[in-house]
Structures are given as structure tokens and as C-alpha cells.
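Notes for the structure review
Residue-level listing of the chains:
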Amino acid sequence: MEQLDFKNINRLEEWILNIHEKYFVELKKSQELPASFWESYSAFCNTSGGWILLGVVEDNPVNIIQGVGNITKAQNSLWDMLSNPNKINYRSIDNEDVHVVNINGAEVMIIYVKEAPESMKPVYFNGKRENTFIRTGDGDRKATKLELDAFERNAMPCHDSLPIEHFTIDDLDTDSVIVYKEKVHKRFPKKKYLEMSNKDFLTEMGACFVDRVSGEVKLRRGALLFLGQERTIKEAYPHYHLDYFNRKGHNPRWIDRVSDDEPGDYEMNIFNFYSIVSEKMKILLKESFELDEGQLRIPLSDFDEVLRECLINCLAHADYVQAYPSVKVEVFDGWFHFLNPGKMLVSLHQFRTGGDSRPRNEIIMKMFRWLGASERQGYGGPLIYTTTASGGVHTPEVYTDIEKTDLRIWNIDFADSYPELEDEAKGILRVILKSNIPISVSKIREGTGLSDYKVRKWLEVLDEKKLIERTGNGPATKYTVRETSDEKITQLQIALDNLKTKE
């Protein structure tokens, strides 16, 4: 999200003139507070927050700053309605979020709408749940019934802890339970889990429980998803679908697949899918490392841990009630793709920095922890970011909305993660990255052996692609790799970790 400097009017005017409506910016022509304000307010509350600018008309090549005709009435209307629970069901704007700026005599009202907590969504207006909007692209649209239902599930996570009526432990896959119990026993041999019956073991770990009123043993939803027979899982979760594709070698289709769609030797519950896919990725990673050790700058064991964390996040945070998309894991040359249905229940900032965990499926996450696969709950994100940053590879990309969470990570050299670049441009990018400080054209020439003409030509290409940024002017011009907010947060996290280590 862009940070605005309200003390620098000239820079603010330039931003207002050139900004266009996008995922986090809405421009509105208005004489006072327009009725459409509440659609944008609802949309930003329900997505990732954003700026609403009143008194600005979008135009080309620059916007038109008309100002708000009656600024006092607009402000009074805003605060009156924000204080009225019959108007909105959640207030996401405070005094410091509203600014009135005078641009050449025109008063523009700039309002920052913060994203609402998941527990307060959906945010709607006029007392009607159907007046729920979400932000998509550069506009607001009404939420569908499926999206409204997803908001309610997000507001009350740990759906998988609930008992699943009319299902019993007989609906679990016995082989899966036995293998899982053996793995847990190896971690906790003193507990003597192998001597327990399956029912006692599952009760001990919380996968099922005894109803104190009826005395009936009830199965929790997460246990069915994790250890169930595929047929019975799909009775309870008709949209349940898990897919793994190996698409290495630029293959137009896939060279290996694991899916509940195809007959196999195992019931394709979460436990078996995880066990099979994690082993396949481990083998592929080792093969890649042995074939071209120079590509992988992260120690093999560290990156294996990153992949495991990504896979667990994908499976443990998925919304298995949702119809689309389904869980999908893909392996490409140099990068991995993890897609799961459902929004991440912590902010991207919390995911990067860690310490705050809100698993959608607590039972599933617990069953992973008992395996020893996910030890530090709430620190998976920092592990992913700091490990890849220390290896000098492309920063992980995470996108999440009401429908899905999409994570992409790379295990190759930063420059190689841009296959469209020519080798000479990649070489320049590597020299700049290796420098760690702004570097001059002459130093780049020394590091690459390229002519001054070629260095400057490729620097223009890298600048156009927003991969580098320049500082200074003339002979004092120097270049660095452009850092995203993700990378800056990651570097800060690494620095903090280093300080803790030295203490």
C-alpha cells in the first residue's frame, strides 16, 4: 500500500494527478459525500484496504482535480454515518485516516479505509447483508452468495474442529491411521501409542472425542479430511480435490501427477497426499541440486524445509468447503507453485514477520505438528522469506483474496528467475545483486567484461522492467536491485535474527 506524504503538497498533487483507479485506489467526483462512497468503503474493508479520493475525476493524460463542493457537509456526513450502526456494521476509519488538502484552491478529501479484521467481515451498509462489496481490479462489485458464505467461515475458523454427524472412525482409512500412528510413535515412544487401539489413539490426540451426554464417540471434521477414505471425504466435502503436477522440462502437459481423480495404491486423504508429494519434491530438489549445484544457492536441507512448510500451509489453510479453486501443487523448472482455496487469515505483513497464527483448520495443523512436520506455528512465513532471501533467489510471491491463496517460490539464481532476459542482462543483474551496495557503470563493466555501450543498453532494459533503480545523476549515477516491500521486511527480519544470535 502506498504511503502518502501530506506535508509535501507538490508531491501529493503529482500523485493525485497521475494515480489511476486500481485495486487500492478509488477516485470520485463529488459535491458532497456520494452514495457510492459506501460501496467503495465496504469493498476496501472486505479486501485489503485502500484510498478513496473525493473531488478527483479520472482522466487522461492526467486526472482533473475539481475538489469537493461542500467539504464541511461531506465531512459531517462521513462522521455521522460512521457513528451510526444502522448505516454500517463496522467502522474502519479514524480521525488520522481522513485528510483534506487544498490543491490550487480545490479541496480534495483523501480517506484511507483500513481492511476489517476477518472476524468482523463481511462489512456492509444500510443494515443489509446483500450490500456487501469486494474490490476486484479497479472497481467494486457485489459479493456473491458463495463469497458471503466464505466470509462467515473466515470469521469463525477451525471449522474442522467440529464433529461431523453420521460419520464414525470406521470412515477413516485404517492403513492411513496405522502408518500415521507409527510415525507419531517414533517421535514419542514413551507414550506407547502402538499399544493403543486406533480409537484410543485418535481420542488421545483430539481427532475424535466422547460426547459427555450421549457417550458416543464423535469424529472431528479435520480427522476425516486428514485420514479418511476418499469416498467418505467426498460425501462430506463434495468439492474436495487435491492435485500435484510435475511440469518440469517445459512439458506442454505434465510428466507426473498425484491426484484423487486417478486410481492409486493409497486413499488420497491429506496425510497420504502430503507424504507422497513431499517425497517427490524432495527427490526432484536433490536431482536438480546434483545436476546444477550452482543454480541452488540455498543449502539443500534448508530449501527442503521451505518446501515442506509451503506444502503444509497449502493443505492446512485450505477451505475444503469452497467449490473453486481446488488445492494444486505444481513443480516447474526453478520454481514451485502452491494454490489453495480460501483467504489467508492473517495479513501478508503478519505472514512475513510471523508470531501470529490463525489456522483455518486447527485439527489438520495439529496432526501435522504431531508428525513433527510443523513445529513452530506462526513462523512458517518468516522461514520461507528469510531462507530464500539469504540464498539470493527471487523473493517469494504471495497473493490472497476471498477466493484463494497463491504462493510461488523459486530455487534458482535471482537473475535466472527472469528467463526472458538475455544472458548479458542477467550477468549485469548478478553483479548488481552481488554488490550489496549501489554500484557504478564502471564497476559493472569490470564485473561483467562488457563494453560501456552494452552495459548502458542493458541497464535501460532492466530499468524499464523495474528490476533495478538508480541513485544520483551524471557520473555519480549508481544502481541497485529494486527491493519490494516484501524484500525490505525480509531483510529487516534477517537483521533482527542476526542480532538475537549475537546476544
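Residues numbered from 1 in each chain as written. Predicted model: local features only at pLDDT ≥ 70, side-chain atom pairs only at ≥ 80, totals over all residues. Heavy atoms only, no water.

Moving on, we come to the sheet that holds strand S13 (residues 327-332). Taken in spatial order, the 6 strands of this open sheet run S12-S11-S13-S14-S16-S15, and their pairing is mixed. In this open sheet, the two edge strands, each paired with only one partner strand, are strand S12 (256-259) and strand S15 (397-400). When the angles between neighbouring strand axes are averaged without regard to direction, this sheet yields 5°. Judged from the 5 bridges that link them, strand S11 (residues 242-246) and S13 form a sheet pairing that is parallel. By the bridge assignment for S13, Asp243 is matched with Lys328. Sitting on the sheet, helix H10 (residues 300-316) is in contact with S11, S13, strand S14 (335-341) and strand S16 (404-410), with an inclination near 20° to S14. (Pairing = 2+ DSSP bridges. Helix = DSSP H or I, 4+ residues; strand = E, 2+ residues; numbered from the N terminus. Axes fitted to C-alpha atoms, helices over the stretch in contact; angles between N-to-C directions. Contact = heavy atoms within 4.5 Å.)

Attention now goes to the environment of Leu459. Residue placement: Leu459 occurs in helix H16 (residues 452-464). If we skip the residues at most four places from it in the chain, Leu459 touches Ile428, Ile432, Val441, Ile444, Ile468 and Tyr479.

Before going further, it helps to examine the environment of Phe188. Tracing the chain through its elements places Phe188 in the loop between helix H5 (174-187) and helix H6 (198-205). Residue classification places Phe188 among the partly exposed positions, given a relative accessible area of 31%. When the C-alpha atoms of Phe188 and Trp370 are compared, they prove to be 9.1 Å apart, with 182 residues separating the residues in sequence. Once residues lying within four places of it in the same chain are set aside, the contact partners of Phe188 are Tyr193 and Trp370. (Buried < 20%, exposed > 50% of the residue type's maximum accessible area, 1.4 Å probe, protein only.)

What follows deals with the side chain of Asn46. Residue position: Asn46 is located in helix H2 (residues 37-46). Classification of Asn46 as buried rests on a relative accessible area of 2%. At 2.8 Å, the side chain of Asn46 and the backbone nitrogen of Val123 are in polar contact. Contact partners of Asn46, with chain neighbours within four places excluded, come to Lys121, Pro122, Val123, Thr132, Phe133, Ile134 and Phe151. (Polar contact = N/O pair within 3.5 Å; in protein donor to acceptor, adjacent residues only side chain to side chain.)

Two side chains that carry opposite charge are able to pair once their charged atoms sit near each other. Inspection of the entire model under this criterion finds 35 salt bridges. Note that Lys121 is salt-bridged to Glu118, the shortest N-O span being 3.0 Å. Relative accessible area serves as the criterion here: at 4%, Lys121 is assigned to the buried category. For Arg369, the salt bridge goes to Glu362, with nearest N and O atoms at 3.1 Å. (Salt bridge = Lys/Arg side-chain N within 4 Å of Asp/Glu carboxyl O.)

Further remarks concern the packing of H10 against helix H13 (residues 380-390). Contact geometry of H10 with H13 gives a least axis separation of 10 Å together with a crossing angle of 145°. You can see that H10 and H13 cross each other, and the crossing is left-handed. Contacts between H10 and H13 involve Asp302, Phe303, Glu305, Val306, Glu309, Cys310 and Asn313 from the former and Gly380, Leu383, Ile384, Thr387 and Thr388 from the latter. Its residues assigned to classes, the contact of H10 with H13 shows 5 nonpolar, 4 polar and 3 charged. (Left-handed = near helix turned anticlockwise from the far one by under 90°. Nonpolar A, V, L, I, M, F, W, Y, C, P; charged D, E, K, R; others polar.)

Take unusual backbone geometry next. For the bond running from Asn60 to Pro61, omega is 5°, close enough to zero to count as cis. Geometrically, the link from Tyr324 to Pro325 is a cis peptide bond, its omega value of -10° lying close to zero. Among the secondary structure elements, Pro325 is positioned in the loop between H10 and S13. Of note, Asn126 is a non-glycine position whose phi angle comes to about 60°, a positive value. With respect to the secondary-structure elements, Asn126 resides in the loop between strand S6 (106-113) and strand S7 (133-136). Given the relative accessible area of 39%, Asn126 is considered partly exposed. In the Ramachandran plot, Lys192 falls in the positive-phi region, its phi being about 55° despite a non-glycine side chain. Exposure remark for Lys192: the relative accessible area of 46% places this residue in the partly exposed category.

Buried residues dominate S11, accounting for 5 of its 5 residues. Of the two faces of S11, both are covered, the one formed by Leu242, Tyr244 and Asn246 as well as the one formed by Asp243 and Phe245. Pairing analysis gives 4 bridges linking S11 to S12, with the strands arranged antiparallel. Across the sheet, the residue bridging to Tyr244 is Val258, located in S12.

Keep in mind that low pLDDT regions are not for reading the predicted coordinates in detail. Summing up the model confidence of the protein, the mean pLDDT is 87 and the portion of residues at 70 or higher is 91%. Mean pLDDT values for the elements of the protein range from 45 in helix H17 (residues 485-502) up to 98 in helix H7 (residues 221-227). (pLDDT = per-residue confidence, 0-100.)

The next subject is the sheet that holds strand S19 (residues 478-481). Across the sheet, 3 strands lie side by side as S17-S19-S18; this open sheet has antiparallel pairing. Each having just a single partner strand, strand S17 (439-440) and strand S18 (468-471) make up the two edges of the open sheet. Note: S18 against S19, 4 bridges, orientation antiparallel. For Ile468, the partnering residue across the bridge sits in S19 and is Val481. Along the sheet, helix H14 (residues 423-435) contacts S17, S18 and S19; its crossing angle with S19, the most-contacted strand, is approximately 90°.

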